[in-house]
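The primary structure of each chain is shown beneath.
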Amino acid sequence: MVDELIIQTTNLTKSYGPHVALDNLNLAVKKGATGLLGPNGAGKSTFLKTILGLIQATEGEGTVLGHDIRTEGDAIRARIGYMPEYDALNPDMDAIHQVRYSGELLGMNPTIALARAHESLQYVGIGEQRYRKIGTFSTGMKQATKLACALIHDPELIIADEPSNGLDAQAREYMIKTLTTTVKTGQRSVLMASHLMDDVERVCENIVLLHKGKLAAQGAIVDLKAIDREIEIHVWGGATRLAEAMEADGLVVRREGRVMRIGHTGEDTTTRILRCAAQTGAQIRRMHEYEASLEDLFLVIMENLGYEIKTSEDLLGSPALARKVDAPAHMGGGGA
Amino acid sequence: MTEELPEDLEPGEYGAEAPVTGQGRMEAAWGSSEGDEDLSDTQVAQPTSTGHVFEQVYKPWQGELNPRWMRNWAILRHHLLGIFKKGHRPWGMPTRLFILVVFLASLSDAALTLLSGLLGEASLHQLWGVSRDNLYGHVLGFFPRNVLYYPIIAALLVGSVISEDRQHGTSALYFSRPITRFDYVGMKFLSVALIQSIVVLLTLTLYALA
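Predicted model, so just to flag it, every value in this text is computed and none were measured.

## As for the side chain of A:Thr13
Residue and element names in this part refer to chain A.
Okay, so step 1: One can find Thr13 in strand β1 (residues 5-16).
Okay, so step 2: Of note is the side chain of Thr13, whose polar atom sits 3.2 Å from the backbone nitrogen of Asn24.
Okay, so step 3: Excluding anything up to four places from it in sequence, Thr13 contacts Val20, Leu22, Asp23, Asn24, Ala57, Thr58 and Glu59.

Here's what the structure looks like:
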């Protein structure tokens, strides 16, 4: 069932002392591939740790694959595969044994874990290199090995933290293809945290966008893109007159010389543009719908929200607390 | 430039639209036929290999995961067997060599007793073997291994057992598995204790039996 929810949170809050990392998060992640986006400090890592049951939420509740994140962390971790962002492999071990051991830690029989390690490493493209020490691996091979560790027990949900980070074009392509195959052919779900919008767009149908620990946007990428739908025209002669006429008609126009992008307001937008052109005598030599990329969408949302890192006020929950911590001790604060 | 088609041929019969495989020419040059083939025959493309020897196929796994004790046993076995075998926790070579040297040194009392028995040489036994006459040997034998060797073994084993996981970041991967911190630390402690037990208790037992 496609609409089945795999992650659901209600008023999920996580504070580290006075620092509010996740603030009343209400999420509903469907089965399939979902991108987890957000600038640095948005709370992505905290969110992942919380849903893995590795850290306890301060308030609120949530479920992953039907298990309560507060009390059933073990059950959740048995059914998901986690691919950490940073180096998470022992450089002195062979890839095959590292993957086998990660399977044994899930409770797999050693013989079965070894067989599955072979299959997983073959699947992620490591092939015969699996007998080499991980310390001799390239970044791409290390990323693939981490993915093999995550896939060894055929989890229902794979949480991949920056899976294509630091990879060259070929390795990146293969990683994207592997994740896509896992979703499409394997019918598994992927929650992919990444800063590379292009990769997220290629793998995922849905996104969750976090900002300062709060939910900024969530839904299908196609639907979210509609908020940034524009029509691009190339004008010859009378461009200024045309721009003014369209603005007078209530259209939102962004202009860069003869190229203009007009916000899509409805089915009659094209007609209105052409009518304005006819009135002003401007020639429209090219007209097409401009499809925003996920990066455009991200920037638009961030522009609306204010794309800055967390301030002390954000981190500490209240201006009073922030002042207290920021102020030096002799001024009544507790900070430097 | 356009070429005129022979009158008896319809356009397309030359097979211009058909994929060119080169097979026809090769057949004509090197093939075993008489060379009287009808040149107007269209060469049909054969299924060709894409050159891939590996096809990416997701293989599901229907098995069941074992309970907690099996996960703990995996941690214990991984650390314990690492001393003897490849494919488990890679203890450093200096650590393994030191353990071997101390193990052999700890067996020296019993070994000398055995040797003197085999040779019938009492002086050898008095010098180093298990007897009341060789206090010097006892001091040389017990003091170093109890006070110097074993603490060094403990330090070598314990020193990296958790810090390496932090250093390499493997703890992030391991804790994404259904293991608790208590089990993780507990099994590491037990594995180190067992390795030391083999060195200390086994040699002491042999000494006592000698």
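## Overview of helix α3 (residues 93-106) of chain B
Residue and element names in this part refer to chain B.
Okay, so step 1: Look at α3: 20 Å from first C-alpha to last across 14 residues, which is about the 20 Å you get at 1.5 Å a residue.
Okay, so step 2: Taken together, the buried positions of α3 are Thr95, Ile99, Val102 and Ser106. Take α3 and look down its axis: the buried residues cluster within an arc of 70°, on one side only. What points out from α3, more than 90 degrees from its buried face, is the exposed set Pro94, Val101 and Leu104.

## Some thoughts on helix α9 (residues 239-248) of chain A
All names here are of chain A.
Okay, so step 1: Considered for burial, the residues of α9 that qualify are Ala239, Leu242, Ala243, Ala245 and Met246. Mapping the buried residues of α9 onto a view down its axis gives an arc of 165°, with all of them on the same face.
Okay, so step 2: Phi turns positive one or two residues past the end of α9, at Gly250, with a value near 95°.

## Digging into the sheet that holds strand β14 (residues 283-290) of chain A
Residue and element names in this part refer to chain A.
Okay, so step 1: Within the open sheet, the four strands sit side by side as β12-β13-β11-β14. Their pairing is antiparallel. The two strands at the open ends of the sheet, each matched to only one other strand, are β12 (253-256) and β14. In this sheet, neighbouring strand axes are inclined to one another by 20° on average, regardless of whether the strands run parallel or antiparallel.
Okay, so step 2: Sheet topology note: the β12/strand β13 (residues 259-263) ladder contains four bridges and is antiparallel. Paired with Val253 across the two strands is Ile262, which belongs to β13.
Okay, so step 3: Along the sheet, α9 makes contact with β11 (230-236), β12, β13 and β14, crossing β12 at roughly 165°.
Okay, so step 4: Contacting β11, β13 and β14, helix α10 (residues 269-280) runs over the sheet at an angle of about 165° to β14.

## Some thoughts on the sheet that holds strand β2 (residues 19-30) of chain A
Residue and element names in this part refer to chain A.
Okay, so step 1: Read across the sheet, four strands follow the order β2-β1-β4-β5 without closing on themselves; strand pairing throughout is antiparallel. Each edge of the open sheet is held by one strand with a lone partner, namely β2 and β5 (67-68).
Okay, so step 2: Contacting β1, β2 and β4 (59-64), helix α1 (residues 44-51) crosses the sheet at an angle of about 115° to β1.

## Quick look at the packing of aromatic side chains
Okay, so step 1: Applying the stated criterion to the full structure yields three aromatic pairs over all chains.
Okay, so step 2: Judged by centre distance (5.3 Å) and plane angle (80°), the rings of A:Tyr123 and B:Tyr58 are edge-to-face. Placement of the pair is A:Tyr123 in helix α4 (residues 110-123) and B:Tyr58 in the loop between α1 (23-30) and α2 (68-81), with the two residues belonging to separate chains.
Okay, so step 3: Residue class for A:Tyr123 comes out buried when judged on its relative accessible area of 5%.
Okay, so step 4: Given the relative accessible area of 8%, B:Tyr58 is considered buried.
Okay, so step 5: A cation over a ring is seen here: A:Lys14 above A:Tyr16, with NZ or CZ 5.2 Å from the ring centre.
Okay, so step 6: Sitting over the face of the ring of B:Phe175, B:Arg181 holds its NZ or CZ atom 5.7 Å from the ring centroid.

## Some points on the pattern of salt bridges
Okay, so step 1: For the structure shown, the criterion picks out 19 salt bridges over all chains.
Okay, so step 2: Among the salt bridges present, the one from A:Lys214 reaches A:Asp23, with a minimum N-O distance of 3.8 Å. Taken together, the positions of A:Lys214 in strand β10 (residues 214-220) and A:Asp23 in strand β2 put the pair 191 residues apart, joining distant regions of the chain.
Okay, so step 3: With relative accessibility at 24%, the residue A:Asp23 sits in the partly exposed group.
Okay, so step 4: As a salt-bridge pair, B:Glu164 and B:Arg89 come within 3.0 Å of each other at their nearest N and O atoms. Here B:Glu164, found in helix α7 (residues 163-168), pairs with B:Arg89, found in the loop between α2 and α3; they are 75 residues apart in sequence, far enough to count as distant.
Okay, so step 5: Residue classification places B:Arg89 among the buried positions, given a relative accessible area of 5%.
Okay, so step 6: If you follow the salt bridges from partner to partner, you end up with A:Arg100, A:Glu104 and B:Arg77 in one network.

## Quick look at the interface of chain A and chain B
Okay, so step 1: Contacts between chain A and chain B engage 45 residues on the former and 33 residues on the latter.
Okay, so step 2: Among the residues chain A hides against chain B, the three largest losses belong to A:Tyr101, A:Leu105 and A:Tyr123. Together they make up 17% of the total.
Okay, so step 3: For the interface between chain A and chain B, the tally reads two salt bridges.
Okay, so step 4: Linking A:Glu104 and B:Arg77 is a salt bridge whose minimum nitrogen-to-oxygen distance equals 2.4 Å.

What counts, and where the lines are drawn
Residues numbered from 1 in each chain as written. Chains lettered and ligands numbered in written order. Predicted model: local features only at pLDDT ≥ 70, side-chain atom pairs only at ≥ 80, totals over all residues. Heavy atoms only, no water. Helix = DSSP H or I, 4+ residues; strand = E, 2+ residues; numbered from the N terminus. Polar contact = N/O pair within 3.5 Å; in protein donor to acceptor, adjacent residues only side chain to side chain. Contact = heavy atoms within 4.5 Å. Expected span 1.5 Å × (residues − 1). Buried < 20%, exposed > 50% of the residue type's maximum accessible area, 1.4 Å probe, protein only. Arc of directions from axis to C-beta. Pairing = 2+ DSSP bridges. Axes fitted to C-alpha atoms, helices over the stretch in contact; angles between N-to-C directions. Phe/Tyr/Trp six-rings, centres within 6.5 Å; stacked < 30°, edge-to-face > 60°. Lys NZ or Arg CZ within 6 Å of the ring centre and 35° of its normal. Salt bridge = Lys/Arg side-chain N within 4 Å of Asp/Glu carboxyl O. Buried area = accessible area lost by both parts, 1.4 Å probe.

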